[in-house]
Amino acid sequence: MKDGADQQGKSLNHQITKSPNLFFLFALIFTAIFLLHAPLLRLPYFWDEAGYYVPAARDVLLHGSLVPQSTLTSGHPPLVMAWLALWWKLSGYTVAVARTAMLLIAAFALLGVFQLGRRVANSQVALAAAICTALYPPFFSQSAMLHIDLPAGAFTVWGLYFYLQDRRLATITLFSLAALAKETAIVAPLALFAWELFLWVVARRMNAGSPPKKAAIYLVRGNHYHPLRSLPQSALFLLAPLLPLGAWYAYHYSETGYLLAAPEYFRYNVAQTLHPLRMVLSFIKRIWHLLGFMHMFLLTAGAAIALRLPPLSDEDGNLRPRIAPAVQMVFAVVIAAYVVMLSVVGGAPLVRYLLPVVPLVILLCVSTLWRRVAQWKIAVAVVCAGFVLALVINPPYPFAPEDNLAYRDFILLHRQAADVLTSRYPTARVLTAWPATDELSKPYLGYVQRALPVVPIEDFSAEHLLPAARDTSLYDVGLLFSTKYEPAADLLRAVPFWERWQKRFFHFHRNVPPQLAAQLLGGRLVFEQWRRGQWVAIVEIERPQNAAKSSGDVASIQRQRRY
């Protein structure tokens, strides 16, 4: 048994040779993704960037405050915001500096994917997995955006890399950094601790009796499989990342009186998500996001089909080895923990929340193709081509603009509208919804030179436009825009209960189109622009015309809507 375990342990490093120069690899990766993102680096801030992360990082820069002062505190740890503030301090407060700073983290993440791939498979699989990860639309778009999910993913991947080498101090450090980038990343070391504890319980039961049997269950660490025959005290180091995260929340509580987040944020992301039906729906969404979204199905379905093929042989006649089953289980445990956790908490089911485990799925699938498909390089090339197409062509189902280059369309539309407002209506009171309320009132976000007075509205559904239409004396113009991407042929629209559940659990709404919104507000449409399914419009309120509409008029408008 020991010899067999040693052979399995050696197979973990079957093609691990002398490590290349990591600094050179990092520089190469960073240069490649910097050139790919160069046209995007000066775009103004988008959505949650403008609404939370930029103001929070700016507070660190200007006031040294780790807890946001100019926006509602979410309880997120301050590591990424401090990183941005550092680069602004060193290089100047510009959008390009911030986005380049995030690209450094993205390059670090891709280097981690490559190193992890070499550790558990070989250099060919590692390179292919890193390229697929870099081109996967949500990863590509998030690489230069000021969000915290990709940094949490970068540290998590490196944490797994060191965990599989049994380098405990490095493992603790990287998992701690992941948790300080985003608190939900603590789920990875906790899941691994629970997994080791489970394996120990199973091994102990197998060893029950007299005389005791030798354990048949092994834990992969370093270059060997370790038999689980005693209490896994060594696994306690996986709980160490709780300490810095706990210290952050203690500090947050001392500064704000809130342990986790402001009540509004906690209600949206936790209290309102704890409904059994919502958890089931969220679980379905997470599985789709992980295995099928943005042409990911090309890779996952290809790997599933490849499993029906026999393993290939190398030139020396040996079968191509798979990723060690124990390593695959480690990956599966972390992936499952993330999916379950995000099915329970988290307000909006955004794909970027899964970025810490997406590289693990890609790595497993690429390894399967390499092991069983003779033309595996062509298969990977097809997957990469599919990712590039999904990056520039919007899919036929709803998605968040931040999941591909649609976020660029959103920003360009809003910058155009802001230019029109500042040139033609420099003193007007503007009715609009978030994030445009921040874009127009905070010049440091890059949309306006001088703040415009804004009148906030929840969204541009008829339910919220009607109350605003009853009193147009509060504003002079309306800045309307598509708050979400809705394809013309949405198949799920024909499923009544699905839309009803979306409205109940995920704050779904349908925007009133520009022309009809102008009618509803009793104004004149003076500006309208469309880009690949997204739109922005400016409505000038005509006075003294009464813009209020009866409920019958609203019903008539709703029947005419295209969306």
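Residues numbered from 1 in each chain as written. Predicted model: local features only at pLDDT ≥ 70, side-chain atom pairs only at ≥ 80, totals over all residues. Heavy atoms only, no water.

This part is about a nonpolar patch on the surface. A cluster of nonpolar residues, Trp 288, Phe 297, Leu 298, Ile 378 and Val 382, forms a patch on the protein surface that exposes about 440 Å² of accessible area. In this structure, Leu 298 sits in helix H14 (residues 296-306). According to the relative accessible area criterion, Leu 298 is partly exposed, its value standing at 30%. (Patch = residues over 30% accessible without salt bridge, like charges linked within 9 Å, V, L, I, M, F, W, Y side chains within 5 Å. Areas by Shrake-Rupley, 256 points an atom, 1.4 Å probe, with all protein chains shown as cover. Salt bridge = Lys/Arg side-chain N within 4 Å of Asp/Glu carboxyl O. Helix = DSSP H or I, 4+ residues; strand = E, 2+ residues; numbered from the N terminus. Buried < 20%, exposed > 50% of the residue type's maximum accessible area, 1.4 Å probe, protein only.)

Adjacent strands of a sheet pair through backbone hydrogen bonds, lying either parallel or antiparallel. Pairing in this open sheet of five strands is mixed, and the strands run E4-E3-E5-E7-E6 from one edge to the other. With one partner strand each, in any of the chains shown, strand E4 (454-457) and strand E6 (523-531) form the two edges of the open sheet. Averaged over all neighbouring strand pairs, the angle between strand axes comes to 20°, with direction disregarded. Against the sheet, helix H22 (residues 514-521) makes contact with strand E3 (430-433), strand E5 (477-481), E6 and strand E7 (534-541), and its axis sits at roughly 160° relative to E6, the strand it touches most. (Pairing = 2+ DSSP bridges. Axes fitted to C-alpha atoms, helices over the stretch in contact; angles between N-to-C directions. Contact = heavy atoms within 4.5 Å.)

Attention now moves to helix H16 (residues 358-372). The terminal C-alpha atoms of H16 lie 22 Å apart, and with 15 residues this matches the ideal 21 Å at 1.5 Å per residue to within 8%. With 14 of its 15 residues buried, H16 lies for the most part within the structure. (Expected span 1.5 Å × (residues − 1).)

Along the chain, the position of Leu 164 falls in helix H8 (residues 149-164). Note: C-alpha distance between Leu 164 and Leu 116 (48 residues apart in sequence) is 9.0 Å.

Right, let's talk about unusual backbone geometry for a bit. Pro 435 follows Trp 434 through a cis peptide bond whose omega is 10°. The phi angle at Met 294 is positive, at roughly 50°, despite the residue not being glycine. Secondary-structure assignment places Met 294 in the loop between helix H13 (276-291) and H14. For Met 294, a relative accessible area of 0% gives the class buried.

All we've got here are geometric facts, nothing functional implied.
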